[in-house]
Each structure stands twice: as C-alpha cells, then as structure tokens.
Amino acid sequence: MHQARTHLSQLVERALEGEEIVLTRRGEPVIRLVPEQPGGGFAALAGVWRDRVRIADDFDGLSEDLAEPLGMDS
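### Considering the overall build of the protein
Alright, step 1. Along the backbone of the protein there are three helices and two strands.
Alright, step 2. Put simply, the protein runs from its N terminus to its C terminus through helices and strands in the order α-α-β-β-α.
Alright, step 3. Here the C-alpha radius of gyration of the protein, 25 Å, is well above what a compact globule of 74 residues would show, namely 11 Å.
Alright, step 4. Summarising its shape, the C-alpha atoms of the protein cover approximately 65 × 30 × 15 Å along the three principal directions.
Alright, step 5. Within the protein, buried positions represent 8% of all 74 residues.

Given below as structure tokens:
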C-alpha cells in the first residue's frame, strides 16, 4: 500500500495503458486498478426505458376500498 501511495500516478498510467494493477495488503489482493469503461455506470441506463413503459395518471392514488381502511383520501 505504501508503494502504491508513492507511485499512484504511475500506476494509473499503467492501468490506462491496459495493464491490470492489483494492490495487496500483507500479501493479500485487496483491490484492482482498471480504467473506467466509457458509457458504463448508472448514466448509461438513463432513458433506457423511455417509450417502453407508461405510468398511469393515477399511479400514486389509492382506490377507495384501500384508502378508507387506512384513513386516507383516495
């Protein structure tokens, strides 16, 4: 870990060039340093269901038979 802290920028450059960097603690692997994949993560999912799912206008409303026992307005 100490060596990784000292040489982090070089390790990042090596990972960006395609090398898989594995950091260890007491000889045990604890983390992999790999480049972020473009278009990955949550942002890639934004809009994926657009035009495929329709939410009803009364989606968050309760029918009278459910609202009344709960003491809520429908």
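### Focus on the packing of aromatic side chains
Pairs of aromatic rings are described using the distance from one ring centre to the other and the angle between the two planes.
Alright, step 1. Counted according to the given criterion, the structure contains zero aromatic pairs.
Alright, step 2. Over the ring of tryptophan 49 we find arginine 52; its NZ or CZ atom is 6.0 Å from the centre of that ring.

### Regarding the pattern of salt bridges
Opposite charge on two side chains makes pairing possible when the charged atoms of those side chains draw close.
Alright, step 1. Tallied over the full model, the rule gives two salt bridges.
Alright, step 2. Salt-bridge contacts for glutamate 19 lead to arginine 14; the nearest nitrogen and oxygen are separated by 2.6 Å.
Alright, step 3. Among the residues examined, glutamate 19 registers a relative accessible area of 35% and is labelled partly exposed.

### Describing the pairing of strand β1 (residues 21–25)
Alright, step 1. Both β1 and strand β2 (residues 28–33) contribute to a ladder of five bridges, which runs antiparallel. Looking at β2, one finds that isoleucine 21 is bridged to leucine 33.
Alright, step 2. Where β1 hands over to β2, the hairpin turn is made up of two residues, of which arginine 26 adopts a positive phi near 55 degrees.

Calculation rules
- Residues numbered from 1 in each chain as written.
- Predicted model: local features only at pLDDT ≥ 70, side-chain atom pairs only at ≥ 80, totals over all residues.
- Heavy atoms only, no water.
- Helix = DSSP H or I, 4+ residues; strand = E, 2+ residues; numbered from the N terminus.
- Rg over C-alpha atoms; globule rule 2.2 N^0.38 Å.
- Buried < 20%, exposed > 50% of the residue type's maximum accessible area, 1.4 Å probe, protein only.
- Phe/Tyr/Trp six-rings, centres within 6.5 Å; stacked < 30°, edge-to-face > 60°.
- Lys NZ or Arg CZ within 6 Å of the ring centre and 35° of its normal.
- Salt bridge = Lys/Arg side-chain N within 4 Å of Asp/Glu carboxyl O.
- Pairing = 2+ DSSP bridges.

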